[in-house]
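Fold and contact review
Read off the chains here:
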Amino acid sequence: MSEPFAPWQQRAYDQTVAALDAGRLGHGLLMCGPAGMGKRAVALKLAEHVLGHGVDAAVRQRNAQLIAAGTHPDLQLTSFIPNKTGDKLRTEIVIEQIREISQKLALTPQYGVAQVVIVDPADAINRAACNALLKTLEEPAPGRYLWLVSADPARLPQTIRSRCQRLEFRLPPREEALAWLQARGYTEGVSREALDAARGHPALADRWLQGEGMALRRQVASELEQLSLGKLGSVELAQRWTGDEHADLRLRHAADLALKKAADGLTDPARLNKLAAWFDAANRTRDLLRTTVRADLAVVELLLAWNAANQMQSKGTNR
């Protein structure tokens, strides 16, 4: 059995079902919002609603089982596929996949109700594939639905976005997010700490609490403090930060901690500027980690900049 919807997911689902049942939902739908908000889960539940429209309870139950198993013949989920050598997944959705979508939507539904195609992440569709997708969006057929799921819809061409209705997944009000986290068994204090760290994103806060995210954040804060005090070297710390799969998350936490530190010292413009510049540098370094650059060297440079900024701050305070 799937997990019950969070309140923000339920709102998005109810809104779209109302539009569907009233005949106000067109062929193309762009489901967008921050990563981790449950867009795909809502899309699959909407597909279950569409494919079960007007059928009896037994057929609806069969539909739900097939969708959960990923084998419903009238539902296609398009995402990353293996590359030509088959050793890893592509990083783009390519034109051949979009052509398959067009062919799928041209067929008669096997169960005679509708056809649904979900593309996730739609912002990974490359240029040639976008041009092919545009044609599909421009030639809708009755009972055919094409839903694009995206955490970064600005990467899609305006021609695609303009031909889709938009379903926004927004971060929920803070009190609702806190109530949801506490309902999952976390104390109020822990929930507030994690929600602050995740900048109001409850699902991300939950993931960090379930895994190593919050413990890693506290460790990063401690290590940056030790670095500032000269108790830890930049090279040693860079090697530690890049020695496992958590390098990106460490830098994300470090950047966010720099912003928090800046907010705590807004009366000192020089300090604010240094920390804001370091925040930008940390995020640029995160991008560098996705390239062929040596991760430890990139992070050493970043940590030297942190150390220099904090030493300058210390000297300024002692004058």
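Residues numbered from 1 in each chain as written. Predicted model: local features only at pLDDT ≥ 70, side-chain atom pairs only at ≥ 80, totals over all residues. Heavy atoms only, no water.

Our working definition: UniProt positions are given in the numbering used here, feature names are shortened, and annotations may be inferred rather than shown by experiment.
Looking at an unreviewed UniProt entry, one finds the protein named DNA-directed DNA polymerase and attributed to Stenotrophomonas capsici. Its UniProt record, at the heading Catalytic activity (unreviewed entry), says of the protein: "DNA(n) + a 2'-deoxyribonucleoside 5'-triphosphate = DNA(n+1) + diphosphate".

1. Focus: the overall build of the protein
Quick reminder of the rule: The way it works is that DSSP assigns letters per residue, a run of H or I at least four long becomes a helix, a run of E at least two long becomes a strand, and they are numbered from the N terminus. Any residue under 20% of the maximum accessible area for its type is buried, any over 50% is exposed, and the rest in between are partly exposed; the area is computed with a 1.4 Å probe on protein chains only. In what follows, residue pairs with any heavy atoms lying within 4.5 Å of each other are defined as contacts. Residues scored as positive are Lys and Arg, those scored as negative are Asp and Glu, and His as well as the terminal groups of each chain are ignored. By convention, charge coordinates are those of NZ in Lys, CZ in Arg, CG in Asp, or CD in Glu.
Within the protein one finds 14 helices and 5 strands. With the C-alpha coordinates aligned to their principal axes, the bounding extent of the protein is approximately 80 × 45 × 35 Å. The buried share of the protein, taken over its 319 residues, is 45%. Within the protein, contacts between residues separated by at least 24 positions form 69% of all contacts whose residues are at least 6 apart in sequence. One way to put it: in the protein the 41 positive side-chain charges average out to a point 3 Å from where the 36 negative ones average out.

2. Notes on the packing of helix α2 (residues 39-51) against helix α3 (residues 57-69)
We count it as follows: Lines fitted to C-alpha atoms define the axes, with helix axes restricted to the stretch in contact, and inter-axis angles between N-to-C directions lie between 0 and 180 degrees. Crossing handedness is defined as follows: a turn of the near helix away from the far one that is anticlockwise and smaller than a right angle gives a left-handed crossing, while the clockwise case is right-handed. Polar here means any residue other than Ala, Val, Leu, Ile, Met, Phe, Trp, Tyr, Cys and Pro, which are nonpolar, and Asp, Glu, Lys and Arg, which are charged; Gly is therefore polar.
One can describe the packing of α2 onto α3 by two numbers: an axis separation of 10 Å at closest approach and a directional angle of 145°. The element α2 and its partner α3 pack so that their crossing is right-handed. Residues L44, A47, E48 and L51 of α2 form the contact with α3, whose participating residues are N63, A64 and I67. When its residues are assigned to classes, the contact of α2 with α3 shows 5 nonpolar, 1 polar and 1 charged.

3. A closer look at the sheet that holds strand β5 (residues 165-168)
Applied cut-off: Strand pairing is assigned whenever DSSP identifies at least 2 bridges connecting the two strands.
One open sheet accounts for 5 strands, arranged β2-β3-β4-β1-β5; its pairing is parallel. For this open sheet the edge positions go to β2 (75-78) and β5, each flanked by a neighbour on one side alone. When the angles between neighbouring strand axes are averaged without regard to direction, this sheet yields 20°. Running at roughly 170° to strand β4 (residues 144-150), α2 makes contact with β1 (28-32), β2, β3 (115-119) and β4 of the sheet.

4. Some points on helix α8 (residues 188-197)
For clarity, the threshold we go by: The arc in question is the one traced by the directions running from the helix axis out to the C-beta atoms.
Taken residue by residue, α8 has S191, A194, L195 and A197 as its buried positions. Along the axis of α8, the buried residues cluster in a sector spanning 160°; they form a single face. Contacts from the buried residues of α8 go to α7 (174-183), α9 (202-210), α10 (213-228) and α12 (247-264).

5. Digging into the nonpolar core
In plain terms, the rule: Residues belong to one nonpolar core when they are buried, are Ala, Val, Leu, Ile, Met, Phe, Trp, Tyr or Cys, and are joined through side-chain atoms within 4.5 Å.
Counting residues in hydrophobic clusters, the biggest one holds 43 residues, and the most contacted among them are M31, L46, V116 and W147. Residue contacts for L46: discarding those within four places in its chain leaves Y13, T16, V17, L20, M31 and W147. L232, W241, A262 and L302 belong to the second-largest nonpolar core, a separate cluster that totals 23 residues.

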